[in-house]
Amino acid sequence: QSALTQPPSASGSPGQSVTISCTGSSSDVGSYNYVSWYQQHPGKAPKLMIYDVSKRPSGVPDRFSGSKSGNTASLTVSGLQAEDEADYYCSSYAGSPIFVFGTGTKVTVL
Amino acid sequence: EVQLVESGGGLVQPGGSLKLSCAASGFTFSGSSIHWVRQTSGRGLEWVGRIRNKDNSYATAYTASVKGRFTISRDDSENTSYLQMNSLKTEDTAVYYCTRPLNTGTLAFDPWGQGTLVTVSS
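Everything numeric here is computed off the predicted structure, so don't read it as measured data.

**A look at the interface of chain B and chain A**
Taken together, the contact pairs 19 residues of chain B with 16 residues of chain A. With both chains or domains summed, chain B and chain A bury close to 1,700 Å², and 71% of this area falls on carbon and sulfur atoms. Where chain B packs against chain A, one counts four residue pairs in polar contact (both at pLDDT 80 or more). Of all the elements in the fold, those that place two or more residues in the side of chain B that touches chain A are strand E4 (34–40), strand E5 (44–51), strand E6 (60–62) and strand E10 (109–112) of chain B. Looking at the side of chain B that touches chain A element by element, the count peaks at four residues for E5(B). Grouping the amino acids of the side of chain B that touches chain A by side-chain chemistry returns eleven nonpolar, five polar and three charged.

**Side note on the pairing of strand E1 (residues 9–12) of chain A**
Residues and elements named next belong to chain A. Here E1 shows a clear split, with Ala10 and Gly12 buried on one side and none of Ser9 and Ser11 buried on the other. Bridge count between E1 and strand E9 (residues 105–109): four bridges; the pairing is parallel. Across the sheet, the residue bridging to Ser11 is Thr108, located in E9.

Conventions used here
- Starting afresh in each chain, residues are numbered from 1 along the sequence in its written order.
- Chains and ligands are labelled by the order in which they are written, letters from A for the one and numbers from 1 for the other.
- A pLDDT threshold of at least 70 governs which residues receive local features in this predicted model, and a stricter bar of 80 or more applies before side-chain atom pairs are shown or counted, although totals over entire chains, interfaces and linings include all residues.
- Side-chain descriptors were evaluated using all non-hydrogen atoms of the structure, hydrogens and water having been removed beforehand.
- Note on definitions: a residue-residue contact is assigned when non-hydrogen atoms from the two residues lie within 4.5 Å.
- Two parts placed together each lose some accessible area under a 1.4 Å probe, and adding up what both lose gives the buried area.
- What qualifies as a polar contact is a pair of N or O atoms within 3.5 Å, subject to a donor-acceptor requirement within protein and to the restriction that residues adjacent in sequence count only when both atoms come from side chains.
- Runs of E in the DSSP output that reach at least two residues are strands. Runs of H or I that reach at least four are helices, and both are numbered from the N terminus.
- Any residue that is not Ala, Val, Leu, Ile, Met, Phe, Trp, Tyr, Cys, Pro, Asp, Glu, Lys or Arg is counted as polar, Gly included; the first ten are nonpolar and the last four charged.
- To sort residues, take the accessible area from a 1.4 Å probe on protein chains only and compare it with the maximum for the residue type: under 20% means buried, over 50% means exposed, and anything in between is partly exposed.
- A pair of strands counts as paired when DSSP detects no fewer than two bridges linking them.

See below:
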(Lines give C-alpha, C1' and ligand atoms only; values in the text may rest on other atoms or scores of the structure.)
Protein backbone atom coordinates (compact mmCIF):
# COMPACT_ATOMS: atom_id res chain seq x y z
CA GLN A 1 0.00 0.00 0.00
CA SER A 2 1.56 3.31 -1.07
CA ALA A 3 1.48 6.49 0.97
CA LEU A 4 -1.05 9.12 0.01
CA THR A 5 0.46 12.04 -1.90
CA GLN A 6 0.51 15.52 -0.38
CA PRO A 7 2.38 18.66 -1.47
CA PRO A 8 5.54 19.11 0.63
CA SER A 9 4.69 22.65 1.58
CA ALA A 10 1.96 25.29 1.58
CA SER A 11 1.86 28.83 2.89
CA GLY A 12 -0.36 31.82 3.45
CA SER A 13 -0.47 35.13 5.25
CA PRO A 14 -2.44 35.58 8.47
CA GLY A 15 -6.14 35.73 7.71
CA GLN A 16 -5.80 34.03 4.35
CA SER A 17 -6.83 30.48 3.45
CA VAL A 18 -4.67 27.53 2.52
CA THR A 19 -5.83 24.24 0.99
CA ILE A 20 -3.85 21.00 1.15
CA SER A 21 -4.57 18.12 -1.21
CA CYS A 22 -4.25 14.41 -0.44
CA THR A 23 -4.28 12.09 -3.44
CA GLY A 24 -4.81 8.38 -3.06
CA SER A 25 -6.40 5.70 -5.19
CA SER A 26 -9.61 3.78 -5.71
CA SER A 27 -8.37 1.37 -3.00
CA ASP A 28 -8.32 3.93 -0.24
CA VAL A 29 -9.53 7.55 -0.52
CA GLY A 30 -11.81 6.76 -3.45
CA SER A 31 -13.49 3.80 -1.74
CA TYR A 32 -14.08 4.98 1.81
CA ASN A 33 -15.37 8.11 3.53
CA TYR A 34 -12.84 7.52 6.28
CA VAL A 35 -10.36 10.26 5.51
CA SER A 36 -8.88 12.05 8.50
CA TRP A 37 -6.41 14.91 8.95
CA TYR A 38 -3.81 15.37 11.68
CA GLN A 39 -1.87 18.43 12.80
CA GLN A 40 1.60 17.98 14.23
CA HIS A 41 3.72 20.67 15.83
CA PRO A 42 7.49 20.06 16.15
CA GLY A 43 8.29 17.51 18.82
CA LYS A 44 4.62 16.84 19.55
CA ALA A 45 2.24 14.00 18.84
CA PRO A 46 -0.24 14.27 15.97
CA LYS A 47 -3.62 15.80 16.80
CA LEU A 48 -6.85 14.88 15.02
CA MET A 49 -8.38 17.84 13.19
CA ILE A 50 -10.86 16.27 10.74
CA TYR A 51 -12.39 12.80 10.52
CA ASP A 52 -14.85 11.03 8.21
CA VAL A 53 -13.80 13.47 5.44
CA SER A 54 -15.43 16.57 6.90
CA LYS A 55 -16.31 16.16 10.59
CA ARG A 56 -14.54 18.15 13.29
CA PRO A 57 -13.82 16.72 16.73
CA SER A 58 -14.93 18.75 19.70
CA GLY A 59 -12.60 21.68 20.31
CA VAL A 60 -11.27 22.02 16.77
CA PRO A 61 -12.00 25.50 15.36
CA ASP A 62 -14.45 25.71 12.46
CA ARG A 63 -11.66 27.37 10.46
CA PHE A 64 -10.65 23.81 9.62
CA SER A 65 -12.75 22.02 7.00
CA GLY A 66 -12.40 18.91 4.87
CA SER A 67 -13.79 17.59 1.62
CA LYS A 68 -13.31 14.81 -0.90
CA SER A 69 -13.75 14.32 -4.62
CA GLY A 70 -12.93 11.00 -6.20
CA ASN A 71 -9.49 9.84 -5.09
CA THR A 72 -8.47 13.24 -3.68
CA ALA A 73 -9.27 14.70 -0.28
CA SER A 74 -8.59 18.28 0.80
CA LEU A 75 -8.08 20.19 4.01
CA THR A 76 -8.77 23.92 4.06
CA VAL A 77 -7.61 26.21 6.83
CA SER A 78 -9.41 29.55 6.68
CA GLY A 79 -8.40 32.68 8.54
CA LEU A 80 -4.83 31.45 9.03
CA GLN A 81 -3.34 32.08 12.45
CA ALA A 82 0.24 31.81 13.63
CA GLU A 83 -0.55 28.69 15.66
CA ASP A 84 -1.70 26.90 12.50
CA GLU A 85 1.92 26.65 11.38
CA ALA A 86 2.60 22.92 11.61
CA ASP A 87 2.86 19.71 9.61
CA TYR A 88 -0.40 18.22 8.39
CA TYR A 89 -0.98 14.58 7.48
CA CYS A 90 -3.98 12.96 5.85
CA SER A 91 -4.95 9.37 6.46
CA SER A 92 -7.40 6.95 4.89
CA TYR A 93 -8.79 3.56 5.71
CA ALA A 94 -7.81 1.12 2.95
CA GLY A 95 -9.71 -1.99 3.92
CA SER A 96 -8.28 -5.35 5.15
CA PRO A 97 -7.86 -3.53 7.76
CA ILE A 98 -5.08 -1.22 6.67
CA PHE A 99 -4.62 2.47 7.24
CA VAL A 100 -2.46 4.61 5.00
CA PHE A 101 -1.05 8.04 5.78
CA GLY A 102 -0.06 10.93 3.56
CA THR A 103 3.46 12.15 2.95
CA GLY A 104 2.85 15.29 5.00
CA THR A 105 2.61 19.01 4.24
CA LYS A 106 4.42 21.75 6.08
CA VAL A 107 2.20 24.80 6.43
CA THR A 108 3.99 28.10 6.91
CA VAL A 109 2.23 31.26 8.05
CA LEU A 110 4.05 34.11 6.36
CA GLU B 1 -8.79 13.22 30.59
CA VAL B 2 -7.99 10.53 28.06
CA GLN B 3 -4.29 9.77 28.17
CA LEU B 4 -1.90 7.29 26.56
CA VAL B 5 1.71 6.95 27.67
CA GLU B 6 4.29 4.90 25.77
CA SER B 7 7.49 3.53 27.28
CA GLY B 8 10.21 1.00 26.58
CA GLY B 9 12.01 2.58 23.66
CA GLY B 10 15.77 2.59 23.33
CA LEU B 11 18.79 1.50 21.33
CA VAL B 12 18.87 -2.07 20.05
CA GLN B 13 21.10 -3.90 17.61
CA PRO B 14 19.82 -5.25 14.30
CA GLY B 15 18.24 -8.63 14.86
CA GLY B 16 17.40 -7.79 18.45
CA SER B 17 14.11 -7.46 20.30
CA LEU B 18 12.31 -4.77 22.22
CA LYS B 19 8.92 -4.56 23.95
CA LEU B 20 7.02 -1.29 24.10
CA SER B 21 4.20 -0.52 26.53
CA CYS B 22 1.22 1.81 26.22
CA ALA B 23 -0.48 2.70 29.50
CA ALA B 24 -3.99 4.12 29.15
CA SER B 25 -6.21 6.13 31.46
CA GLY B 26 -9.35 8.26 31.36
CA PHE B 27 -11.51 5.93 29.27
CA THR B 28 -12.83 2.37 29.23
CA PHE B 29 -9.70 0.68 27.94
CA SER B 30 -11.27 -2.76 27.72
CA GLY B 31 -13.89 -1.52 25.28
CA SER B 32 -11.48 0.10 22.85
CA SER B 33 -9.16 -1.12 20.15
CA ILE B 34 -5.57 0.11 20.35
CA HIS B 35 -3.48 1.05 17.34
CA TRP B 36 0.26 1.52 16.97
CA VAL B 37 1.70 4.04 14.50
CA ARG B 38 5.35 4.86 13.87
CA GLN B 39 7.03 7.93 12.45
CA THR B 40 10.37 8.20 10.71
CA SER B 41 12.01 11.33 9.41
CA GLY B 42 12.20 9.85 5.95
CA ARG B 43 8.92 7.97 5.54
CA GLY B 44 6.54 9.99 7.70
CA LEU B 45 3.72 8.25 9.54
CA GLU B 46 3.11 4.53 9.08
CA TRP B 47 0.32 2.47 10.62
CA VAL B 48 1.91 -0.55 12.33
CA GLY B 49 -1.08 -2.53 13.53
CA ARG B 50 -3.97 -2.84 15.97
CA ILE B 51 -5.60 -5.07 18.54
CA ARG B 52 -9.36 -5.12 18.99
CA ASN B 53 -11.26 -5.61 22.24
CA LYS B 54 -12.52 -8.78 23.92
CA ASP B 55 -15.89 -8.57 22.17
CA ASN B 56 -13.97 -8.82 18.90
CA SER B 57 -11.79 -11.69 20.10
CA TYR B 58 -8.72 -9.48 20.58
CA ALA B 59 -8.16 -9.72 16.81
CA THR B 60 -4.88 -8.31 15.59
CA ALA B 61 -3.80 -6.91 12.23
CA TYR B 62 -0.43 -5.65 11.00
CA THR B 63 1.11 -3.79 8.13
CA ALA B 64 2.98 -6.05 5.72
CA SER B 65 6.46 -4.83 6.65
CA VAL B 66 6.17 -6.00 10.28
CA LYS B 67 3.97 -9.08 9.89
CA GLY B 68 5.61 -12.09 11.49
CA ARG B 69 8.08 -9.93 13.44
CA PHE B 70 5.85 -7.69 15.58
CA THR B 71 3.10 -8.78 17.98
CA ILE B 72 0.52 -6.54 19.64
CA SER B 73 -1.08 -7.69 22.87
CA ARG B 74 -3.05 -6.16 25.73
CA ASP B 75 -3.75 -6.62 29.42
CA ASP B 76 -7.15 -5.14 30.20
CA SER B 77 -6.60 -5.60 33.95
CA GLU B 78 -3.61 -3.24 33.68
CA ASN B 79 -5.10 -0.91 31.02
CA THR B 80 -1.97 -1.52 28.98
CA SER B 81 -1.15 -2.56 25.43
CA TYR B 82 2.19 -3.96 24.33
CA LEU B 83 4.16 -4.03 21.08
CA GLN B 84 6.68 -6.88 20.99
CA MET B 85 9.23 -6.25 18.26
CA ASN B 86 11.52 -9.08 17.15
CA SER B 87 14.11 -9.44 14.39
CA LEU B 88 14.48 -5.67 14.33
CA LYS B 89 15.90 -3.97 11.25
CA THR B 90 17.51 -0.58 10.82
CA GLU B 91 14.42 0.56 8.94
CA ASP B 92 12.34 -0.02 12.09
CA THR B 93 14.05 3.01 13.64
CA ALA B 94 11.21 5.42 14.45
CA VAL B 95 9.15 7.11 17.09
CA TYR B 96 6.38 4.70 18.05
CA TYR B 97 2.98 6.03 19.09
CA CYS B 98 -0.05 4.25 20.49
CA THR B 99 -3.49 5.68 19.90
CA ARG B 100 -7.16 4.71 19.90
CA PRO B 101 -10.24 5.45 17.79
CA LEU B 102 -11.93 8.77 18.57
CA ASN B 103 -15.23 6.99 19.15
CA THR B 104 -16.59 3.48 18.73
CA GLY B 105 -17.09 2.96 15.04
CA THR B 106 -14.83 5.77 13.89
CA LEU B 107 -11.67 5.10 11.96
CA ALA B 108 -9.70 8.13 13.12
CA PHE B 109 -7.30 8.31 16.01
CA ASP B 110 -7.41 10.56 19.04
CA PRO B 111 -5.59 11.11 21.27
CA TRP B 112 -2.06 9.89 20.69
CA GLY B 113 0.61 9.20 23.26
CA GLN B 114 3.78 11.27 23.36
CA GLY B 115 5.73 8.55 21.55
CA THR B 116 8.81 6.51 22.39
CA LEU B 117 11.94 6.42 20.24
CA VAL B 118 13.31 3.13 18.99
CA THR B 119 16.75 3.18 17.39
CA VAL B 120 18.00 0.07 15.63
CA SER B 121 21.72 0.37 15.04
CA SER B 122 24.96 -1.50 15.56
